[in-house]
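# Structural overview for review
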Amino acid sequence: MKFFILAVGNKMPDWVRAGYFEYIKRLPREITINLIEIKPEKRVSGKQTGQLLLAECQRIRAALPPDCHTVVLDEGGQQWTTVKFANVIKEWTTDGGSVAFVIGSADGLHADIKQTANELLALSKLTLPHGLVRVLLAEQLYRAISIIKNHPYHRS
């Protein structure tokens, strides 16, 4: 199974990196998760949010692996239980190919990325710091893989 996390933002605090890598290192060897950090557009006066998001959208598109199942993380997306998430991941990986999760900037994501994604997924209805989303996603991927592999990490 091969996963990608495309995240707008490239200067995360140490606690984000530590939390993210804590879960990534626990994964079985046959599971790979590649973090691709997308350089955010500079927030300078005169640029409107739409212009910023369009520039980031173009960077995301350039970094997306070809033929991958794209999942955009958005507070307006579907909310799944962890068991449902594990079942869906199992389906995606059975179909072959890789899965790319996209995390936007503090301003969100351009509508084009959302419209062309295979899935819109919400980790929470709450607005979360984007660095924390990386950690939560890594933990949920680890938990989902644990469920698929019948590892005791997830206890119902």
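Residues numbered from 1 in each chain as written. Predicted model: local features only at pLDDT ≥ 70, side-chain atom pairs only at ≥ 80, totals over all residues. Heavy atoms only, no water.

### What about the pattern of salt bridges?
Note the threshold: What makes a salt bridge here is a side-chain nitrogen of Lys or Arg within 4 Å of a carboxyl oxygen of Asp or Glu, nothing more. Each helix is a run of DSSP H or I of at least 4 residues and each strand a run of E of at least 2, with the numbering of both proceeding from the N terminus. The classification of residues rests on relative accessible area computed with a 1.4 Å probe and restricted to protein chains. Under 20% of the type maximum is buried, over 50% is exposed, and intermediate values are partly exposed.
A full pass over the atoms with the stated rule returns twelve salt bridges. In this structure, K149 and E30 form a salt bridge, with 2.5 Å as the shortest nitrogen-oxygen distance. Taken as a pair, K149 in the segment after helix 5 (130–148) and E30 in the loop between helix 1 (14–24) and strand 2 (32–38) lie far apart in primary sequence, 119 residues in all. Accessibility expressed as a relative area gives 44% for E30, which makes it partly exposed. The partner of R61 in a salt bridge is D112, with the nearest N and O atoms 2.9 Å apart. Of this pair, R61 sits in helix 2 (residues 49–63) while D112 is found in helix 4 (residues 111–116), placing the two residues 51 residues apart along the sequence. Looking at R61, the relative accessible area reads 34%, which means it is partly exposed.

### Describing helix 3 (residues 82–94)
An α-helix turns once per 3.6 residues; consequently, residues spaced three or four apart project the same way. Rule in force here: By this rule, a helix spans an expected 1.5 Å times one less than how many residues it contains. Each C-beta atom gives one direction from the helix axis, and the arc is the one those directions make.
In this model helix 3 runs 18 Å from its N-terminal to its C-terminal C-alpha over 13 residues, within 8% of the 18 Å that 1.5 Å per residue would give. Within the span of helix 3, buried status applies to T82, F85, A86, V88, I89 and W92. For helix 3, the angular spread of the buried residues around the axis is 165 degrees, confining them to a single face. Once helix 3 finishes, G96 follows within two positions and takes phi at roughly 85 degrees, a positive value.

### Let's talk about the side chain of S146
Heads up, the condition is: Two residues qualify as a contact provided that any one of their heavy atoms is within 4.5 Å of a heavy atom in the partner residue.
Relative to the assigned elements, S146 resides in helix 5. Relative accessible area serves as the criterion here: at 4%, S146 is assigned to the buried category. If sequence neighbours within four positions are ignored, S146 has contacts with H151 and Y153.

### Quick look at the confidence of the model for the protein
If pLDDT is low for a region, its predicted coordinates should not be looked at in detail. Operational definition: A residue's pLDDT is the confidence the predictor assigns to it, expressed on a 0 to 100 scale.
Per-chain confidence: the protein averages 92 in pLDDT, with 98% of residues scoring 70 or above. Between the elements of the protein, mean pLDDT differs from a low of 92, seen in helix 3, to a high of 97, seen in strand 4 (residues 99–103).

### Description of the packing of aromatic side chains
Test applied: Classification of ring pairs uses Phe, Tyr and Trp, with its six-membered ring standing for Trp, and accepts pairs whose centres are within 6.5 Å; under 30 degrees between planes counts as stacked, over 60 as edge-to-face, and the remaining range as tilted.
The final tally for this structure, using the stated rule, is eight aromatic pairs. Between W80 and W92, the ring centres sit 6.2 Å apart and the planes meet at 55 degrees, which makes this aromatic pair tilted. You can see W80 sitting in the loop between strand 3 (69–78) and helix 3 and its partner W92 sitting in helix 3, a full twelve residues away along the chain. The burial state of W80 is the same as that of W92; both residues are buried. Ring-pair connections join several aromatic residues into one group, and the members of that group are F3, W80, F85, W92 and F101.

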